[in-house]
Amino acid sequence: MRIKTAEIQAVTGRRDQYPPDTMKEIAFAGRSNVGKSSLLNLLTGRKKLAKVSGSPGKTRTINFYLINNEFRIVDLPGYGYAKVAKTMSEDWGRMMDEYFQHREGLVKVCQLVDIRHEPSKLDIQMYEYLKANGLDGLVVATKADKISRNEMQRNLARIRKSLGMRKDDYLIPVSALKKTGHEELLQAMEDVLAAADEAAPAEQSDS
Ligand code: GDP
């Protein structure tokens, strides 16, 4: 897949301001500062679609991007920033539940983890939540430029193990800095969208 057009459709924390639930969506989740904005900009070829932040933990909105007039990428608020007050993380949870529980078009959540580290408790919790909702199976390991070739396989295996991923689940190393891995991710997204079509084909007229 090539992303030809990407437009911001909504930036909101409120369900009544989401775009209509009429299209397939792939959401992106990860800890604040994991490199989500940089990855989304790389994927869409737009330098400033998502804001790359110097100060993590600020974004408290769900951002909907319309891609190729065909499906949406949904940029979920980052989690786990230490300085975010408890009340704010409660808001975060509510916002996420509200999105996850009521979104017909949501076909998959791409979870981002930092390739350098063992997934954190929050990463694991997030992934368990995705499993419970049948939205797991697509993980991106970010900042792949920060480790050596030798470390790569070892770290990927560690991520697979900590998250309890299945053999055929996608785990894709990417580097927004070196611009690597995005083609593989776009292919995985295409596969996931196609699989959703097979599972629930568009309504056909029965005349
Ligand atoms: P977000 O909070 O998850 O949206 O993360 P950002 O995209 O804002 O990135 C957080 C920080 O990590 C920024 O300083 C980025 O420049 C840096 N960063 C993001 N992606 C990469 C990458 O692939 N390689 C390296 N070395 N740094 C990255």
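Small disclaimer: the values here were computed from a predicted structure and weren't measured.

**Points about the packing of aromatic side chains**
Here comes step 1: For the coordinates displayed, the defined rule picks out six aromatic pairs.
Here comes step 2: Geometrically, the ring pair formed by Tyr18 and Phe64 is tilted, given 5.2 Å between the ring centres and 50° between the ring planes. Within this pair, whereas Tyr18 is found in the loop between strand 1 (6-12) and strand 2 (25-30), its partner Phe64 is found in strand 3 (residues 62-67), the two being separated by 46 residues in sequence.
Here comes step 3: An aromatic cluster of three or more residues is present, and its members are Tyr18, Phe64, Tyr99, Phe100 and Tyr129.

**Side note on the site of the ligand**
Here comes step 1: The ligand sits among 16 residues. The nearest are Asn33, Ser37, Ser38, Asp145 and Ala176.
Here comes step 2: Between the ligand and Val34 there is a distance of 3.2 Å, counted from an oxygen atom to a backbone nitrogen or oxygen.
Here comes step 3: The separation between an oxygen atom of the ligand and a polar main-chain atom of Leu177 is 3.3 Å.
Here comes step 4: For the ligand, whose accessible area on its own is 580 Å², the fraction buried by protein is 78%.
Here comes step 5: When grouped by side-chain class, the residues that make up the shell around the ligand number four nonpolar, seven polar and five charged.

**Looking at helix 3 (residues 121-132)**
Here comes step 1: Between the first and last C-alpha of helix 3 there are 16 Å, a value that for 12 residues agrees with the 16 Å anticipated at 1.5 Å per step.
Here comes step 2: Gly134 lies just past helix 3 and shows a positive phi near 65°.

**Re the sheet that holds strand 4 (residues 71-75)**
Sheet strands pair by backbone hydrogen bonding; their relative direction is either parallel or antiparallel.
Here comes step 1: Read from one edge to the other, the open sheet built from seven strands follows the order 1-3-4-2-5-6-7, with strand pairing classed as mixed. Every other strand in the sheet has two partners, leaving strand 1 and strand 7 (170-173) as the edge strands with one partner each. Neighbour-to-neighbour, the strand axes of the sheet open up by a mean angle of 20°, direction not taken into account.
Here comes step 2: Here strand 5 (residues 106-114) pairs with strand 6 (residues 138-142) via four bridges, running parallel. Looking at the pairing, Val113 lines up with Ala141 of strand 6.
Here comes step 3: Against the sheet, helix 1 (residues 36-44) makes contact with strand 1, strand 2, strand 3, strand 4, strand 5 and strand 6, and its axis sits at roughly 145° relative to strand 2, the strand it touches most.
Here comes step 4: On the sheet, helix 5 (residues 182-199) packs against strand 2, strand 4, strand 5, strand 6 and strand 7 and is oriented at approximately 155° with respect to strand 7.

Calculation rules
Residues numbered from 1 in each chain as written. Predicted model: local features only at pLDDT ≥ 70, side-chain atom pairs only at ≥ 80, totals over all residues. Heavy atoms only, no water. Phe/Tyr/Trp six-rings, centres within 6.5 Å; stacked < 30°, edge-to-face > 60°. Helix = DSSP H or I, 4+ residues; strand = E, 2+ residues; numbered from the N terminus. Near = heavy atom within 4 Å. Polar contact = N/O pair within 3.5 Å; in protein donor to acceptor, adjacent residues only side chain to side chain. Areas by Shrake-Rupley, 256 points an atom, 1.4 Å probe, with all protein chains shown as cover. Nonpolar A, V, L, I, M, F, W, Y, C, P; charged D, E, K, R; others polar. Expected span 1.5 Å × (residues − 1). Pairing = 2+ DSSP bridges. Axes fitted to C-alpha atoms, helices over the stretch in contact; angles between N-to-C directions. Contact = heavy atoms within 4.5 Å.

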